[in-house]
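If you want the building blocks of each chain, they are given just below.
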Amino acid sequence: MIDCLVIGGGIIGASVAHQAASRNPGWEVHLLDPRGIGCGTTASSAGLHVPFGATTGIRSLVRDGAPVFAGYRSWVAEDTIRELRFLVVLRTTAPSAFLATMAGGAAHEPTPDDLDWLAHRYPECDLAGHEILRLDGAYRARASDLAGQLVMASPNVRFVAASVNLVRRRERQWIVEHDGGATAAGRVILAVGPWDLPALDVPMPPAAHPPGGRKRVAALHAYNAPTEADRAVYFLDDDVFLLPEPRLGYTVTSFYLDRWDQPPGNGDHVPTPSDQAAGRAVLARRVGPSFAATCAGGRAGTDLYQAQRLPAVLSLDAENSLLFAGAGSGSGVRLAPGMAARTVDRLAIA
Ligand SMILES: Cc1cc2nc3c(=O)[nH]c(=O)nc-3n(C[C@H](O)[C@H](O)[C@H](O)COP(=O)(O)OP(=O)(O)OC[C@H]3O[C@@H](n4cnc5c(N)ncnc54)[C@H](O)[C@@H]3O)c2cc1C
C-alpha cells in the first residue's frame, strides 16, 4: 500500500503531491493523470500571482501560501516565476477599500516613470477620475512548467499516466481503480479540476459536497510587442489584467466572461470567436480600440468555481483520509500553494 495518491496533475494536484512528499520524506506518493502534468485548465492559465484578495477567505489562503511560494522561487528554473512591475488603476474614491484587501506585498505611490510609461503605452486609455498604485509582491508563474517541476523535484513522487474510474474503501485502505489496474493507498486526494469526480464508493455520505459551478475563462494575446520595461496593469473596477510577456511578443489580457455550465472539453485551449469578440469589446472600452485590434488568439479553459471565488479543501470522510482540493475559481494558480499547505495539514492529522 502506498501512503498517498493524488488524482489530477493540474497545479493543485501537483502542489499537493509536492508538499505531501516534501513534508513526509518517508512517504511514497503517486500522482495520476491521463493527460500529463499541468495539461488541464492549468495549461491555459495566465499565471498571475497577486498579493490581494476580495474576501477574508482568499486573503487567508494567500497568506498561508506565501512561504511556500517563496520557497519555490528559490529553486525553480529561470523564468518559471517572474517578478512583475505592477500597477493598479482604480477610481479615486477606491484606494482605502483596495488597501484593506492587501494580503502581503506593499502598495506605493507610482513613480513619475510609471505614469509616463502608462500614458505612452496606452494613450487611448481614459484615466480621468482614476488613481494609480504601484504594488510589490506580484509575480507571473508559468503554471504548467511549475507543476511539472514540483513533481519532478520530489524524489518520492511517482507520476502515473492513467485515468481513475473508481475510489472504494476496503478496511483501512482506499482502492483506486484506474486504466493501469488498481492501487491501494492510505490517503487519497481528489484534485480533478473542472472534470467530474471519479465514482466514489465511500462507507458514509461525504461530509461535504464539492462545488459544481463550471465557468469559462479566457484571455486574449495582444501582439503589441511588449518590452522588459512594460508593467503589468490591473484595472480594478473592470477586472481586466494586462500581463506583458516580452519574451513571447504579446501581452496576455484577461477579462471576466459570464459563461457558466461549460464542460471542460478535451484539452482545446483556444478562445472561440465569441470569447474573442467579448474580450475585444471589453478591452476596446477600457484600454482603447487600437490596443483591442492587436488581440489575435489567446488561451481559454473551464474552471470550477465556488461561492465567493474561494477554492475548497474538503474532507470527504471522517478520518481525513479522502480529501477534495479544487475549485480554483479563476485563481487556482496563485492560491495553489496555500491550498496545498492546508491539504497536507489535514492529511497529517489522519
Ligand atoms: C485563460 C485562463 C487564465 C487564467 N489565469 C489565471 C491567473 O492569472 N492566475 C490564477 O491564479 N489562475 C488563473 N486561471 C485559473 C487557473 O488556471 C485554475 O484555477 C487552475 O489551473 C485549476 O487547477 P486545477 O489543478 O484545479 O485543475 P486542472 O489544471 O484542470 O487539473 C485537473 C487535472 O485532473 C485531471 N483529471 C480529471 N479527471 C481525472 C481522473 N478521473 N483521473 C485522473 N486525472 C483526472 C485532468 O486531466 C487535469 O489535468 C486561469 C484560467 C484560465 C482558463
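Whatever comes next refers back to the structure up there.
Just so it is clear, the model here is predicted, and its values are computed rather than measured.

Visitor: Just give me the short version of unusual backbone geometry, but keep the residues and values in it.
Guide: With a phi close to 70°, aspartate 79 is a non-glycine residue in the positive phi region. You can see aspartate 79 is positioned in the loop between α2 (56-73) and β4 (81-83). Using a count of 10 C-beta atoms within 10 Å as the deciding quantity, one classes aspartate 79 as exposed. Positioned with a positive phi, serine 329 is a non-glycine residue whose angle comes to about 55°.

Visitor: Lay out the sheet that holds strand β8 (residues 139-141) in plain terms, naming residues and giving numbers.
Guide: Spatially, the three strands line up as an open sheet ordered β3-β8-β4, and their pairing is antiparallel. Looking along the sheet, the strands with just one partner apiece sit at the ends: β3 (48-49) and β4. Examined bridge by bridge, β4 and β8 share three bridges and lie antiparallel to one another. By the bridge assignment, isoleucine 81 is partnered in β8 with alanine 141.

Visitor: Tell me about the site of the ligand, and name the residues and values.
Guide: Every one of the 44 residues lining the ligand counts as a neighbour, but Gly10, Gly40, Gly193, Gly328 and Gly332 are closest to it. At four residues, the largest contribution of residues to the shell around the ligand is made by strand β18 (residues 295-305). For the shell around the ligand, the domains that each give at least three residues are domain 1 (2-46 + 144-211 + 308-349) and domain 2 (85-136 + 213-305).

Visitor: Could you give me a rundown of the packing of helix α1 (residues 11-23) against helix α5 (residues 143-152), with the residues and numbers involved?
Guide: In contact at an axis separation of 8 Å, α1 and α5 are set at 25° when each is read in the N-to-C sense. Taken together, the axis directions place α1 and α5 in an arrangement best described as roughly parallel. Along this stretch, α1 crosses α5, giving a crossing that reads as left-handed. Here α1 contributes Ile11, Ala14, Ser15, Ala17 and His18 to the contact with α5, which in turn contributes Ala143, Leu146, Ala147, Leu150 and Val151.

Visitor: How would you sum up the sheet that holds strand β17 (residues 250-254)? Please name residues and give values.
Guide: The eight strands lie next to each other as β6-β7-β5-β15-β16-β17-β14-β18, forming an open sheet whose pairing is mixed. The outermost strands of the open sheet, each flanked by one partner alone, are β6 (106-108) and β18. Strand-to-strand twist in this sheet, taken as the mean axis angle between neighbours without regard to direction, amounts to 25°. As paired elements, strand β16 (residues 240-245) and β17 share five bridges and run antiparallel to each other.

Visitor: Explain α2 residue by residue, including any values.
Guide: Given a rise of 1.5 Å per residue, 18 residues ought to cover 26 Å, and the 25 Å separating the end C-alpha atoms of α2 matches this to within 8%. When the local axis directions of α2 are compared, the greatest deviation, roughly 40°, occurs at alanine 66, which is followed within four positions by the proline proline 67. Among the residues of α2, Ile58, Leu61, Val62, Gly65, Phe69 and Tyr72 are the ones counted as buried.

Thresholds, definitions, all that
- Residues numbered from 1 in each chain as written.
- Predicted model: local features only at pLDDT ≥ 70, side-chain atom pairs only at ≥ 80, totals over all residues.
- Helix = DSSP H or I, 4+ residues; strand = E, 2+ residues; numbered from the N terminus.
- Buried ≥ 20, exposed ≤ 12 C-beta atoms within 10 Å, placed from the backbone.
- Pairing = 2+ DSSP bridges.
- Near = placed C-beta within 6 Å.
- Domains from an automatic or database assignment.
- Axes fitted to C-alpha atoms, helices over the stretch in contact; angles between N-to-C directions.
- Parallel < 35°, antiparallel > 145°, perpendicular 65-115°, else oblique.
- Left-handed = near helix turned anticlockwise from the far one by under 90°.
- Contact = placed C-beta atoms within 7 Å.
- Expected span 1.5 Å × (residues − 1).
- Bend = angle between axes of the 7 residues up to and from the residue.

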